[in-house]
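# Structural overview for review
As a plain string of letters, each chain reads:
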Amino acid sequence: MKAALSFLFIGFTGFINAQYYFNDIVSIRQGNEQYKVWRAQKIAAIKTISYEPDNSITEGLTVNQEISRDGKKVTITTVNNNQTSVTVNTYDLGVLKRTQTNNKNISNKTDYTYDAQGRISKVSLSTIDTFMNSTQAEIHEWTYDEFGAPVSMLKIKNQSDTVMVQFIKDEQGNIGEERWQKKGRTIESYYYYYNTNRQLTDIVRYNSKLKKLLPDFIYEYNTAGQPSQMTQFSLGSNNYFVWKYTYNDKGLKTQEICSDKSKMQVGRIEYQYTIQ
């Protein structure tokens, strides 16, 4: 459960090497909306309490968020078995502009650039490892059509390794496919599915070993349009985890419960808010 909780907070601002439309566009948009709720409710701090399956508090793990009075910085401090990681999210005009995480000898930084229409035009990522004396850099350059939908993204790693990512709309105008191409060859494809409210419900990709499409994530929503459940499937495993989310009447998330395939509770997270 401790690993799952750490991923929940650190993974939000980091990047999995997959699903660029979700990571760069969808999740950042969701994060900006969450930030607006915090500011509207004048939240100053968020304390997280993690519980084990027996409802005892998880030992050695704390995750706390502090929002600066001017709202321009959200500092997330994670302590896991005496190891401390600090992430600082910087906002300007209500949108995320930078995320920086320092953990031991490694520093990860992500900068977001927006165009005049408020769309992400560039994502710049860098990792500095002082122990290994190494630096990794990656840039995502986004282009859009006349309707504001993504058309393509260039992923440039270390100024030389380039992947072209193309986005194909479905019949309703949603992004239905994300296709990675390198040197003229398709190397990966993801498929996105939506409900009648055009909310993202499934992220799917082709499993070459099983020769069929399998989901990575499945989402459900409440009547307020907030995510109420997320099912995460593990590559190479027949197990999966279901996260269920609850909110208060002010739109603040109050609890998350994680269960496995057998519907056994893996853990629980509660959020406590401090008002400015």
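Worth saying up front: this structure is predicted, and the values here are computed from it rather than measured. (Residues numbered from 1 in each chain as written. Predicted model: local features only at pLDDT ≥ 70, side-chain atom pairs only at ≥ 80, totals over all residues. Heavy atoms only, no water.)

### Things to note about the overall build of the protein chain
Convention followed: Secondary structure follows DSSP: runs of H or I at least 4 residues long count as helices, runs of E at least 2 residues long count as strands, and numbering of each begins at the N terminus. For the exposure calls, accessible area comes from a 1.4 Å probe over protein chains only, and a residue counts as buried if that area is under 20% of its type's maximum, exposed if over 50%, partly exposed in between. Residues count as neighbours in contact if any of their non-hydrogen atoms are within 4.5 Å of one another. For the area figures, the Shrake-Rupley method with a 1.4 Å probe applies, and any residue is considered shielded solely by the protein chains shown. In this tally Asp and Glu are treated as negative and Lys and Arg as positive; neither His nor the chain ends contributes. Taken as the charge centre is NZ of Lys, CZ of Arg, CG of Asp or CD of Glu, depending on the residue.
A count of helical and extended segments in the protein chain gives two helices and 18 strands. Dimensions of the protein chain along its principal axes, counting C-alpha atoms only, are 50 × 40 × 40 Å. Buried residues in the protein chain amount to 38% of all 276 residues. Taking contacts inside the protein chain between residues at least 6 apart in sequence as the whole, the part at least 24 apart equals 30%. Carbon and sulfur atoms provide 50% of the accessible area of the protein chain, an area that totals close to 15,500 Å². Across the protein chain, the 33 positively charged side chains and the 28 negatively charged ones have centroids separated by 2 Å.

### Quick look at the pattern of salt bridges
Applied cut-off: Any carboxyl oxygen of Asp or Glu within 4 Å of a side-chain nitrogen of Lys or Arg constitutes a salt bridge here.
For the structure shown, the criterion picks out 10 salt bridges. Among the salt bridges present, the one from Glu 256 reaches Lys 253, with a minimum N-O distance of 3.0 Å. Neither Glu 256 nor Lys 253 differs from the other in exposure class; each is buried. Connected through shared salt-bridge partners, Glu 188, Arg 205 and Asp 216 make up one network.

### Focus: the nonpolar core
In globular proteins that are soluble, nonpolar side chains generally tend to be buried together. Put simply, the rule is: Here, nonpolar core means buried Ala, Val, Leu, Ile, Met, Phe, Trp, Tyr and Cys residues that are tied together by side-chain atoms lying within 4.5 Å of each other.
Counting residues in hydrophobic clusters, the biggest one holds 45 residues, and the most contacted among them are Tyr 21, Ile 120, Trp 142, Tyr 192 and Ile 203. Top element by residues in this core is helix 2 (residues 20-40). It accounts for eight residues. The contacts of Ile 120, once residues within four sequence positions are left out, are Asp 24, Ile 25, Ile 28, Tyr 112, Thr 113, Tyr 114, Trp 142 and Tyr 144.

### Remarks on helix 2
Which entries qualify depends on this criterion: For a helix, the expected span equals 1.5 Å multiplied by the residue count minus one. Values of bend correspond, residue by residue, to the angle between axes fitted over the seven residues ending at that residue and the seven starting there.
Helix length check: helix 2 (21 residues) gives 29 Å between terminal C-alpha atoms against 30 Å at 1.5 Å per residue, within 8%. Largest kink in helix 2: about 30 degrees, centred on Ser 27. In the segment just after helix 2, Lys 42 is the residue with positive phi, at about 55 degrees.

### Focus on the pairing of strand 12 (residues 185-194)
Going by this rule: In this scheme, strands are said to pair when DSSP sees at least two bridges between them.
Note: strand 11 (residues 175-182) against strand 12, six bridges, orientation antiparallel. Pairing of Gln 181 across the sheet is with Thr 186, part of strand 12. The loop that links strand 11 with its antiparallel partner strand 12 comprises two residues; one of these, Lys 183, has a positive phi angle of about 55 degrees. For strand 12 and strand 13 (residues 200-207), the ladder comprises five bridges, and the chain directions are antiparallel. In the sheet register, Tyr 191 faces strand 13, and the bridge partner there is Val 204. Following strand 12, the chain reverses through five residues before pairing antiparallel with strand 13; Arg 198 in that reversal takes a positive phi of roughly 65 degrees.

### Looking at a nonpolar patch on the surface
Here is the rule we go by: In this scheme, patches are assembled from residues that exceed 30% relative accessible area and form no salt bridge. Like charges are connected within 9 Å, while nonpolar side chains (Val, Leu, Ile, Met, Phe, Trp, Tyr) are connected within 5 Å.
Where nonpolar side chains cluster on the molecular surface, the patch consists of Tyr 193, Tyr 206 and Leu 213 and spans about 300 Å² of accessible area. Examined against the element boundaries, Tyr 206 turns out to sit in strand 13. Residue class for Tyr 206 comes out partly exposed when judged on its relative accessible area of 42%.

### Some remarks on the packing of aromatic side chains
Our working rule: Classification of ring pairs uses Phe, Tyr and Trp, with its six-membered ring standing for Trp, and accepts pairs whose centres are within 6.5 Å; under 30 degrees between planes counts as stacked, over 60 as edge-to-face, and the remaining range as tilted. Criterion for a charge above a ring: Arg CZ or Lys NZ at most 6 Å from the ring centre, at most 35 degrees from the ring normal.
Scanning the model with the defined rule gives nine aromatic pairs in all. Taking 6.2 Å as the distance between ring centres and 20 degrees as the angle between the ring planes, the aromatic pair formed by Phe 217 and Tyr 219 counts as stacked. Its relative accessible area of 13% is what places Phe 217 among the buried residues. For Tyr 219, a relative accessible area of 13% gives the class buried. Summarising the aromatic geometry, the rings of Phe 233 and Tyr 240 are spaced 5.3 Å apart at their centres and angled 45 degrees between planes, so their arrangement reads as tilted. Using a relative accessible area of 27% as the deciding quantity, one classes Phe 233 as partly exposed. These aromatic residues form a ring-pair network of at least three members: Tyr 21, Trp 142, Phe 167 and Tyr 192. The ring of Tyr 144 has Arg 119 sitting right over it, with the charged end atom 4.6 Å from the ring centre. Note that Lys 253 overlies the ring of Tyr 245, its terminal NZ or CZ placed 4.6 Å from the centroid.

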